[in-house]
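Take a look at the letters that make up each chain.
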Amino acid sequence: GGFLRVVLPLARPGIIVVAVFTWINCWGEIQISTLFTTTLAARTLPVVLNQLQTPYGTLSFSAQFALGVILAIPPLVLFLIFQKYFKPTVATGFKG
């Protein structure tokens, strides 16, 4: 009873910050995504952006830039949704 009413509400901003940072780290992971996906349809967008580069140069700078902007949108939206949990934790720190 006390855990759900006292501890969890106090820990909620920290838990959400860790979850968002973990999601952003997984979103940008290329090697694990390349290793575990076998079909082109299952690949994530960072893997597709990485595959636009060839050993002799890039296929299209405009396509890479457009995909890079698209890749930046989900983490930005996620941050904007949970922004109210970031401000108290980052601004005041953890005071005991």
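Predicted model only: the values in this text are computed from it and were never measured. Residues take numbers from 1 onward in each chain, read along the sequence in its written order. Reporting of local features is limited, given that this is a predicted model, to residues whose pLDDT is at least 70; pairs of side-chain atoms are given and counted only at 80 or more, and all residues count toward the totals for whole chains, interfaces and linings. Only hydrogens and water are removed before side-chain values are computed, so all heavy atoms of the structure are retained for them.

1. What about the packing of helix 1 (residues 2-27) against helix 4 (residues 61-81)?
How we decide: In this description, a line fitted to the C-alpha atoms serves as the axis of each element, helices being fitted only across the stretch in contact, and the angle between N-to-C directions of two axes falls anywhere from 0 to 180 degrees. Runs of E in the DSSP output that reach at least two residues are strands. Runs of H or I that reach at least four are helices, and both are numbered from the N terminus. Convention used here: angles under 35 degrees read as roughly parallel, angles over 145 as roughly antiparallel, angles from 65 to 115 as roughly perpendicular, and any remaining angle as oblique. When checking whether two residues touch, look at their non-hydrogen atoms; a contact exists if any pair is within 4.5 Å. Residue type decides the class: Asp, Glu, Lys and Arg count as charged, Ala, Val, Leu, Ile, Met, Phe, Trp, Tyr, Cys and Pro as nonpolar, and the leftover types, Gly among them, as polar.
Packing of helix 1 against helix 4 leaves a shortest axis separation of 10 Å and a crossing angle of 175°. One way to sum up the angle between helix 1 and helix 4 is to call them roughly antiparallel. Facing helix 1, whose interface residues are V20, W23, I24 and W27, helix 4 presents L71, P74, P75 and L78. For the contact of helix 1 with helix 4, a count of residues per class yields eight nonpolar, no polar and no charged.

2. What to know about the confidence of the model for the protein
The line we're drawing: How sure the predictor is of each residue is captured by pLDDT, a score from 0 to 100.
With 84% of its residues at a pLDDT of 70 or more, the protein shows a mean pLDDT of 77. The weakest mean pLDDT in the protein belongs to helix 5 (residues 83-92) at 62; the strongest belongs to helix 4 at 84.

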